[in-house]
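One-letter residues, chain by chain:
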Amino acid sequence: MFNLLQAEWIKLSRRPMAHILLAIFLVLLLLSLILYYVVIGFHEGTLTGGLGTITFLDEAQIQQYRQQLQFPGIYGAVFNQINASGGILAIVLAAGAMGSEYGWGTLRVQLARQPRRGRFLIAKVLVLLLVVLIAMAIALVLGTIAAIIFGFFIGEIGSLTLGQLLLLPVSMLQALLVMLPYVMVTMAMSIMGRSVLAGMAGGVIFLLLDVSLGALSFLAEMGGPFIFLYNLLIQQNINALVVANSSYYGLDTAAISPFNLELLPHPLQAAVVVLVYSGLFFGYAYFWFVRHDIFGAA
Amino acid sequence: MSTEQMIQTEQLTRHFKDHVAVDNISLTIERGEVFGFLGPNGSGKTTTIAMLLGLIKPTSGRARIMGHDVQENPVAALSHVGAMIESPAFYPYLSGYNNLRILARADGLPASRIDAVLEMVELQKAARDRFQTYSQGMKQRLAIAAALLREPEIIILDEPTNGLDPAGMVEIRSLIRQLVNEGHTIFLSSHLLYEVEQTCHRVAILKEGRILAEGAVDALLHRGRGVQVRVTGDVQKAIEVLQAVPWIESVKQEADLLLIDVASDQAPQINALLTQAGILVAEIRAREETLETFFLEVTGGS
């Protein structure tokens, strides 16, 4: 298995697509932080060129944006970005990692040598998740540098407790968990459709479908067993994990979040539900991958 | 040559909905053999190879490699096999060396093995270049290097000379001969009949999923047998003269040629017979059927 992991690592770590997606993500992260800085600057009048203050936000919201540019809130901002644009980029990466094997015809070369298909798929998924974790670590480093720079401009760097520092690995795993069902659906769709496009389309459609199911929030308002059913929907549990990741770093998610926080399930329940969904999607991908025929290049 | 069975298929069949891609193929390939697998495009060659490699499941029948059933025990069956299937398939953004490194890592092979196979296919100089920059010939050679990486006892090559120039084809033929001399068993699928005729001990000819002919190349082409004669004058009389001779099996007329079924070294006696009968012989020589003519004859000109 270790040999297969090494082989997958060579494939994915040297793939230009992975580097490009990471660069896109880091640029988006930086742009979002710059946007926060601009919003604060307009609110406080430091960027309006003497025109006074321009604001559409209340003081509590501005305070939240300010916190996202300094320690420890910067990490909350990084994880928010990871679970927003990072999720879509992870779908693209997963579709590329699996679907290209069909498109280039490399899968038949690999499986003719390594007929244990299940192991091959597990190695691919593990390396994909490892690459996503490494990308998160790079984003956190960038966030740390950004907090120092923005802290200089807004006059406050903030501080970080040891506890918050130790929470970073937990938050990384939590952010990974948020992406996991989408990555698994993408893998399954790439395998079923034998292409990058099928994977990407499947992942994005699932993402949109999942978000639109959030419209069923009236179920939660009805209370009782309805709230239990609503909390079994994947999006609700993902929201719970995202909000938890923000709150670890002092952000008041109620001020900037569109969710009704009181209706969100407990993070532990959320983690279990998301894991179950991910497991089901992986099982589906595994079933197809192990059973179906491997033809030539698509 | 020992008689150990390296590849064996028993009534191997694969249907794709209503289409029968491979129909009851039974083959046996022994250790040290170079076996040619011939057939027009779409005849089922690649589907058969894919079933041998466990990539496609047979609808019925079975394939065994060195006694191991490919479906039931694929790891044991395929651990002795190196294969090149269809066109060379590698990661375009990686160098030839790194592409082989992926395969070597997955197999737990040392890096020295990569250098060895690159040297065998003479690709050392371009090893660090990206695969996407390779010419077709270089891609073919890299695919052969990949097949040789784990020092397999059985090598399956699907159209290994596709896209190669004549010099490249000669190189690959000589590489195949070298591999045979080293004791490898080779399953060679190709539609380049001259290449197969030059390289293989035995062949099977496939059409629409069925084997139409199978056997030793020499036997199929009746090598050492048959004389062809061109006479001037009364051709009918020549046929009658020859048919009257008890040691001549048969005489067939094909355009202006008489095809006589006798041992090729009996051409002088035939010449004498016809001359004595007053028939002038314009040309007489041993008949040499090529695999190409045999193939066209068997497949009906596909």
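What you see is a predicted model; the values in this text were computed from it and never measured.

About the criteria used
- Residues numbered from 1 in each chain as written.
- Chains lettered and ligands numbered in written order.
- Predicted model: local features only at pLDDT ≥ 70, side-chain atom pairs only at ≥ 80, totals over all residues.
- Heavy atoms only, no water.
- Helix = DSSP H or I, 4+ residues; strand = E, 2+ residues; numbered from the N terminus.
- Buried < 20%, exposed > 50% of the residue type's maximum accessible area, 1.4 Å probe, protein only.
- Contact = heavy atoms within 4.5 Å.
- Salt bridge = Lys/Arg side-chain N within 4 Å of Asp/Glu carboxyl O.
- Polar contact = N/O pair within 3.5 Å; in protein donor to acceptor, adjacent residues only side chain to side chain.
- Domains from an automatic or database assignment.
- Axes fitted to C-alpha atoms, helices over the stretch in contact; angles between N-to-C directions.
- Parallel < 35°, antiparallel > 145°, perpendicular 65-115°, else oblique.
- Left-handed = near helix turned anticlockwise from the far one by under 90°.
- Pairing = 2+ DSSP bridges.
- Patch = residues over 30% accessible without salt bridge, like charges linked within 9 Å, V, L, I, M, F, W, Y side chains within 5 Å.
- Areas by Shrake-Rupley, 256 points an atom, 1.4 Å probe, with all protein chains shown as cover.
- Lys, Arg positive; Asp, Glu negative; His and termini not counted.
- Charge placed at Lys NZ, Arg CZ, Asp CG, Glu CD.
- Buried area = accessible area lost by both parts, 1.4 Å probe.
- Nonpolar A, V, L, I, M, F, W, Y, C, P; charged D, E, K, R; others polar.

**Student:** Sorry if this is basic, but what is going on with the overall build of chain B here?
**Tutor:** When you go through chain B residue by residue, the secondary structure sums to eleven helices and 14 strands. Along the longest, intermediate and shortest principal axes, the C-alpha atoms of chain B span 75 × 45 × 35 Å. By the burial criterion, 51% of the 302 residues in chain B qualify as buried. Nonlocal contacts in chain B, meaning residues at least 24 apart in sequence, comprise 68% of its contacts between residues at least 6 apart.

**Student:** What am I meant to see in the pattern of salt bridges here?
**Tutor:** Side chains that differ in charge, positive against negative, can pair when their charged atoms come close. Counting across every chain of the model gives 18 salt bridges over all chains. With a shortest N-O distance of 2.8 Å, B:Glu4 and B:Arg31 are connected by a salt bridge. On the criterion of sequence distance, the pair formed by B:Glu4 in the segment before β1 (5-16) and B:Arg31 in the loop between β2 (19-30) and β3 (34-38) is long-range, its members being 27 residues apart. We classify B:Arg31 as partly exposed; its relative accessible area is 23%. Through salt bridges with shared partners, a single ionic network connects A:Glu8, A:Lys11, A:Glu101 and A:Lys124.

**Student:** Quick question: what am I supposed to make of the environment of B:Asp23 here?
**Tutor:** Residues and elements named next belong to chain B. Within the element layout of this structure, Asp23 appears in strand β2. As for Asp23 and Thr59, which are separated by 36 residues in sequence, their C-alpha atoms are 9.8 Å apart. For Asp23, the contacting residues outside a window of four places in its chain are Leu12, Thr13, Gly209 and Arg210. Separated by 3.4 Å, the side chains of Asp23 and Asn24 make a polar contact.

**Student:** Explanation requested: the domain arrangement of chain B in the structure shown.
**Tutor:** How big an interface is tends to be stated in terms of accessible area lost as the parts join. Residue and element names in this part refer to chain B. Each assigned domain of chain B is listed here: domain 1 (5-220) and domain 2 (225-294). Taking only C-alpha atoms into account, the centre of domain 1 sits 42 Å from that of domain 2. Each partner contributes residues to the interface: domain 1 has eight residues there, and domain 2 has five residues. Where domain 1 meets domain 2, there are zero salt bridges. Along the contact surface separating domain 1 from domain 2 lie zero residue pairs in polar contact (both at pLDDT 80 or more). Breaking the side of domain 1 that touches domain 2 down by element, the ones donating at least two residues are α7 (193-199) and β9 (202-207).

**Student:** Explanation requested: the packing of helix α7 (residues 162-193) of chain A against helix α8 (residues 196-212) of chain A in the structure shown.
**Tutor:** The geometry of a pair of packed helices is captured by two quantities: the angle between their axes and the separation between those axes. All names here are of chain A. At a minimum axis separation of 7 Å, α7 and α8 run at an interaxial angle of 140°. As judged from the angle between their axes, α7 and α8 are oblique. For α7 against α8, the interelement crossing comes out right-handed. Touching Pro181, Tyr182, Val185, Thr186, Met189, Ser190 and Gly193 of α7 are Ala198, Gly199, Met200, Gly202, Gly203, Phe206, Leu207 and Asp210, all from α8.

**Student:** I keep staring at the pairing of strand β12 (residues 251-254) of chain B and nothing clicks. Help me out?
**Tutor:** Successive residues of a regular strand alternate their side chains across the two faces of the sheet. Residue and element names in this part refer to chain B. The sheet contact formed by β12 and strand β13 (residues 257-263) spans four bridges and is antiparallel. Residue pairing across strands places Glu254 opposite Leu257, the latter belonging to β13. If you look at the hairpin formed by β12 and β13, you'll find two residues sitting between the two strands, and Ala255 has a positive phi there, around 55°.

**Student:** Before we go on, may I ask you to explain a negative patch on the surface in this structure?
**Tutor:** Residues and elements named next belong to chain B. A cluster of like negative charges, contributed by Asp115, Glu119, Glu122, Asp165 and Glu171, occupies part of the molecular surface. Tracing the sequence through the fold places Asp165 in the loop between β7 (154-158) and α6 (166-181). For Asp165, a relative accessible area of 48% corresponds to the partly exposed category.

**Student:** Help me understand the interface of chain B and chain A in this model?
**Tutor:** Of the residues lining the interface, 31 residues belong to chain B; the matching set on chain A comes to 30 residues. Both sides of the chain B and chain A interface together cover about 2800 Å² of buried area, and 58% of this is carbon and sulfur. Contact with chain A buries area across many residues of chain B, yet B:Leu55, B:Tyr91 and B:Tyr93 alone supply 24% of it, more than any other trio. Among the salt bridges present, the one from B:Arg14 reaches A:Asp293, with a minimum N-O distance of 2.7 Å. Run the count over chain B and chain A and you get 17 residue pairs in polar contact (both at pLDDT 80 or more). Sorting the residues of the side of chain B that touches chain A by element identifies β1, α2 (74-78), α3 (96-107) and α5 (136-148) of chain B as the ones contributing at least two each.

**Student:** I would appreciate a short explanation of the side chain of B:Asp69 in the present structure.
**Tutor:** Residue and element names in this part refer to chain B. Structurally, Asp69 is set in strand β5 (residues 68-69). What makes Asp69 buried here is its relative accessible area of 9%. In this view, Asp69 contacts Arg62, Ala63, Arg64, Pro74 and Ala77; residues no more than four positions away in its chain are not counted.

**Student:** It is not clear to me how the sheet that holds β13(B) should be interpreted in this structure. Could you clarify?
**Tutor:** Either a parallel or an antiparallel arrangement is found when strands of a sheet pair, and the pairing is made through backbone hydrogen bonds. Residues and elements named next belong to chain B. A sheet is described by the order of its strands in space; here four strands give the open sequence β12-β13-β11-β14, paired in antiparallel fashion. The sheet is open, and its two borders are formed by β12 and β14 (280-286), each paired with just one other strand. For this sheet, the mean inter-axis angle between neighbouring strands, taken without regard to orientation, is 25°.

**Student:** It is not clear to me how the packing of α3(B) against helix α4 (residues 111-120) of chain B should be interpreted in this structure. Could you clarify?
**Tutor:** Residue and element names in this part refer to chain B. Between α3 and α4, the least distance of the axes is 10 Å, while the angle of their chain directions is 130°. With respect to their mutual orientation, α3 and α4 come out oblique. As for the relative orientation of α3 and α4, their crossing is right-handed in sense. In contact with Tyr97, Leu100, Arg101 and Ala104 of α3, α4 contributes Ala111, Ile114, Asp115, Val117 and Leu118. When the residues that make up the contact of α3 with α4 are grouped by side-chain class, the tally is seven nonpolar, no polar and two charged.

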